[in-house]
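Listed below, chain by chain, are the residues.
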Amino acid sequence: MNDRAATVLRIIGVQAAAVAAAVHLFVGLPKLAVYLPLLSAADPRPYLFVPSAVLLLVLAAVVVRGAHHRRLYALTAGVLGTYLVGYCWWHLTGHGGLYSGHGVGNPVTIVAGHLATDALALVSFAAELVGVAAFLALFVGDPEAQHGANSANSANSRDGVDDVDGAAESAPDE
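It should be emphasised that the depicted structure is a prediction, and the values quoted were computed from it without experimental measurement. Per chain, the residues get numbers from 1 upward, laid out in the order the sequence is written. The predicted origin of the model limits local features to residues at a pLDDT of at least 70 and limits the giving and counting of side-chain atom pairs to 80 or more, whereas totals for whole chains, interfaces and linings rest on all residues. Water and hydrogen atoms play no part in the side-chain values, which are based on all heavy atoms of the structure.

Caption draft 1: Region of interest: the overall build of the protein. Here a helix means four or more residues in a row that DSSP labels H or I, a strand means two or more in a row labelled E, and each is numbered from the N terminus. On a plain count of helices and strands, the protein comes out with 6 helices and 2 strands. Listing each helix as α and each strand as β along the protein from the N terminus yields α-α-α-α-α-α-β-β. Any pair of residues with heavy atoms lying within 4.5 Å of one another is described as a contacting pair. Partitioning the contacts of the protein with sequence separation of at least 6, the portion at a separation of at least 24 is 64%. Of the roughly 10300 Å² of accessible surface on the protein, a fraction of 66% belongs to carbon and sulfur atoms. Surface accessibility in these figures is a Shrake-Rupley result with a 1.4 Å probe; residues are shielded only by whichever protein chains are displayed.

Caption draft 2: Focus on the nonpolar core. Only buried Ala, Val, Leu, Ile, Met, Phe, Trp, Tyr and Cys residues count toward a nonpolar core, and they belong to the same one when joined by side-chain atoms within 4.5 Å. When accessible area is computed with a 1.4 Å probe and restricted to protein chains, residues below 20% of their type maximum are described as buried, those above 50% as exposed, and intermediate ones as partly exposed. Membership of the largest hydrophobic core comes to 32 residues, with the highest contact counts inside it found for L56, L80, Y83 and F135. At the level of elements, helix 1 (3-38), helix 2 (45-64), helix 3 (70-92), helix 4 (107-117) and helix 5 (119-141) are the ones that each hand at least two residues to this core. Leave out the neighbours within four places in its chain, and Y83 touches A20, H24, F49, S52, A53, L56 and E128.

Caption draft 3: Broad picture of the confidence of the model for the protein. As a per-residue measure, pLDDT reflects the predictor's confidence and takes values from 0 up to 100. In this model, the protein carries an average pLDDT of 82, and 78% of its residues clear a pLDDT of 70 or more. Confidence drops under a pLDDT of 50 for residues 149-174, and excluding neighbours within four residues, the segment shows 18 contacts in the predicted structure.

Caption draft 4: Region of the structure containing unusual backbone geometry. Of note, L39 is a non-glycine position whose phi angle comes to about 55°, a positive value. Relative to the elements of secondary structure, L39 occurs in the loop between helix 1 and helix 2.

Caption draft 5: View of the packing of helix 3 against helix 5. Only the stretch in contact is used when a helix axis is fitted, and all axes are lines through C-alpha atoms; the angle between N-to-C directions ranges over 0 to 180 degrees. Where helix 3 contacts helix 5, the axes come no closer than 8 Å and their chain directions differ by 150°. Considering the angle they form, helix 3 stands roughly antiparallel to helix 5. Classified by chirality, the crossing of helix 5 by helix 3 is left-handed. Two secondary-structure elements touch here, helix 3 through R70, Y73, A74, T76, A77, L80, G81, Y83, L84, Y87 and C88 and helix 5 through A121, F125, E128, L129, G131, V132, F135, L136, L138 and F139. Note on terminology: angles under 35 degrees are roughly parallel, angles over 145 are roughly antiparallel, angles of 65 to 115 are roughly perpendicular, and the others are oblique. A crossing counts as left-handed when the near helix is turned anticlockwise from the far one by less than a right angle, and as right-handed when that turn is clockwise.

Caption draft 6: Representation of the layout of surface pockets. Here the largest pocket defines a volume of roughly 640 Å³. Sort the elements by how many residues they give to the lining of the largest pocket and helix 3 lands first, with 9 residues. In the scheme used here, Gly and all other residues not listed as nonpolar or charged are polar, with Ala, Val, Leu, Ile, Met, Phe, Trp, Tyr, Cys and Pro taken as nonpolar and Asp, Glu, Lys and Arg as charged. Looking at the lining of the largest pocket residue by residue, the class counts come to 14 nonpolar, 9 polar and 4 charged. Of the two site types, the cavity is a set of points on a 1 Å grid over the protein atoms alone where a 1.4 Å probe fits but cannot get out, and the pocket is an open set with protein on both sides within 12 Å along at least five of seven lines, each lined by residues with an atom within 4 Å of a point. Grid points are joined across faces, edges and corners, and a volume is the space filled by probe spheres set on the points.

Caption draft 7: Quick look at the packing of helix 1 against helix 2. At a minimum axis distance of 7 Å, the contact between helix 1 and helix 2 shows a crossing angle of 150°. Classified by the interaxial angle, the pair formed by helix 1 and helix 2 is roughly antiparallel. For the pair helix 1 and helix 2, the sense of crossing is left-handed. Along the lines of polarity and charge, the residues of the contact of helix 1 with helix 2 split into 22 nonpolar, 2 polar and 3 charged.

Caption draft 8: The arrangement of the pattern of salt bridges in detail. The term salt bridge refers to a pairing of a side-chain nitrogen on Lys or Arg with a carboxyl oxygen on Asp or Glu at a separation within 4 Å. Here the structure, examined in full by the defined rule, presents 3 salt bridges. As a salt-bridge pair, R10 and D142 come within 3.0 Å of each other at their nearest N and O atoms. Taken together, the residues span a long stretch of sequence, with R10 in helix 1 and D142 in the loop between helix 5 and helix 6 (151-158) at a distance of 132 residues. Taken individually, R10 and D142 each receive the classification buried, so the pair is uniform in this respect. The closest approach of N and O atoms between R45 and D43, which form a salt bridge, is 2.7 Å. You can call R45 partly exposed: its relative accessible area is 23%. The network of salt bridges with common partners includes K31, D43 and R45.

Caption draft 9: A look at the side chain of D43. By the element assignment, D43 lies in the loop between helix 1 and helix 2. Of the polar contacts made by the side chain of D43, one reaches the side chain of R45; its length is 2.7 Å. Two N or O atoms count as a polar contact when they lie within 3.5 Å, although within protein this holds only if one can serve as hydrogen donor and the other as acceptor, and sequence-adjacent residues are included solely when both atoms are side-chain atoms.

What follows is the structure, given as structure tokens:
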């Protein structure tokens, strides 16, 4: 993957993460405002949606600020993927087991039926799919991606700065 393709994937991934986070905040904040003062756990989703959406926005902001780390890509794809799995689980278990189930049926039909009747969920689901694909592609192929604990040292080495025993020294000007 070249640098231009990685940049396009970062833009697409960040936009998808922002859309998914916005939908989860839009759905979660009003419910959290009702449930939290009552200390009610009648619906666990707001307690999960709001913090995970804030985390997703922070991760997207870090990518926008120029961080190109495989762990960052993996974490962002993981949060988006968790939304996808959670949506499917919620609807295939009769809304988390809190309500009567849908009976035995084709899981794809059940999830597609819910997505077809809820435009906001469809937008979020599509954004999550796009975001997962973009961040996984970056995880695999970003030429600028940093790896592991040595990422700070390799970034400093490219800038002409060597980190020796925690003391940074500038390379001599030539």
